Amino acid sequence: MPAERAARVGTTALLILVGVAITVYGVDQLSKYFVVTTLAEGEVVPVLGNVLQWQFVRNPGAAFSIASGMTWVFTILAAGVITFIVWFARRIRSIAWALVFGLLLGGVLGNLTDRLFREPGFGIGHVIDFISTPWMLPAIYNVADIAIVSSMVLFMILTIRGVGLDGSRPSRSDDEITEAADPGDEPRDEPRGGTPAALARES
C-alpha cells in the first residue's frame with residue numbers, strides 16, 4: 001500500500017475509532033444520568049414485558065455484575081486498556097478494527113468514569129447498571145457493557161477470518177495452489193524422442 005494512501009486510511013480509521021468511542025461514551029453516560037435521576041434504586045420498569053426491563057442497580061464488579069467487590073482491580077485494568085488503545089490507535093489501517101477498538105474504548109471509558117467518580121469513592125465507585133433481559137441473561141448491564149461485548153464478538157470474527165490491522169487477508173501461497181490442483185490436469189512427461197515406436201526407429 002503506497003505511503004500516502006496508507007496515511008489516508010490510517011487517518012480515516014483513527015477518526016472512526018474516536019467517533020465510535022465518543023458516541024458510545026456519550027450514550028452510556030446520558031443513559032446512566034437518566035436512570036439515576038428518574039428511577040429509584042432497585043425499581044423495575046417493564047418496557048417490553050419480560051423481554052426488556054429497566055432495573056436500577058449499583059454494581060461494584062465487572063461487566064454483567066461479575067466479580068463484585070474487586071472494583072480497584074477493574075479500575076486499574078480499565079486504565080491499562082485505555083492506555084494501550086490510545087498508544088496503539090495510530091497503527092490501525094482497517095475500518096473494522098477501528099470499530100472494534102472504538103467500541104472497546106467507549107465502553108471501558110464509560111464504566112471507568114463510574115468507578116472514578118461515583119459513590120462510594122474515587123477508584124471504587126459502583127457502576128450504574130439498568131438493562132435487564134431476564135429471558136436472555138440473569139445479569140443486569142448497561143450500554144458500556146454492550147459495547148465491550150460487541151467489540152469482543154467482532155474481534156473474534158475478524159481474527160477467525162484472518163483480517164489484519166491493515167485490513168488485509170492472507171492469500172494462498174503458490175505451494176498451496178499447486179497442491180490443491182487436480183493431478184489429472186498436470187502435464188505428463190514423455191520419454192525423450194516421443195513414443196516407443198519412434199525410439200525404436202532411432203535406435
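The paragraphs below set out a description of the structure included in this document. Keep in mind it's a predicted model, so treat the numbers as computed, not measured.

Scanning all chains against the criterion turns up eight aromatic pairs. Look at phenylalanine 84 and tryptophan 87: their rings are 6.0 Å apart centre to centre, the planes differ by 45°, and that puts the pair in the tilted class. Taken as a pair, phenylalanine 84 and tryptophan 87 lie in helix H2 (residues 71-88) at a separation of three residues, close to a single helical turn. Ring centres of tryptophan 97 and phenylalanine 155 lie 5.5 Å apart, and the angle between their planes is 80°; on these two criteria the pair is classed as edge-to-face. Of this pair, tryptophan 97 sits in helix H3 (residues 95-117) while phenylalanine 155 sits in helix H4 (residues 143-161), and the two are 58 residues apart along the sequence. Judged by relative accessible area, which is 6%, tryptophan 97 ranks as buried. An aromatic cluster is built from Phe84, Trp87, Phe88, Trp97, Phe101 and Phe155, whose rings are joined through pairwise contacts.

So, on to helix H1 (residues 3-38). Taking 1.5 Å as the rise per residue, H1 with 36 residues should run 52 Å; its terminal C-alpha atoms sit 52 Å apart, in good agreement. When H1 is considered as a whole, its buried residues turn out to be Ala6, Gly10, Ala13, Leu17, Val20, Ala21, Val24, Asp28, Gln29, Ser31, Lys32 and Val35.

Of all hydrophobic cores here, the largest spans 21 residues; its most connected members are Leu17, Ile92, Trp97 and Phe101. Considering every element that reaches this core, the biggest residue donor is H3, with eight residues. If we ignore the near neighbours within four places in the chain, the residues touching leucine 17 are Ile85, Ala89, Ile92, Ala98, Phe101, Gly102 and Leu105. Residues Leu52, Phe56, Phe130 and Ile131 belong to the second largest nonpolar core, which totals eight residues.

Conventions used here
- Residues numbered from 1 in each chain as written.
- Predicted model: local features only at pLDDT ≥ 70, side-chain atom pairs only at ≥ 80, totals over all residues.
- Heavy atoms only, no water.
- Phe/Tyr/Trp six-rings, centres within 6.5 Å; stacked < 30°, edge-to-face > 60°.
- Helix = DSSP H or I, 4+ residues; strand = E, 2+ residues; numbered from the N terminus.
- Buried < 20%, exposed > 50% of the residue type's maximum accessible area, 1.4 Å probe, protein only.
- Expected span 1.5 Å × (residues − 1).
- Core = buried A, V, L, I, M, F, W, Y, C linked by side-chain atoms within 4.5 Å.
- Contact = heavy atoms within 4.5 Å.

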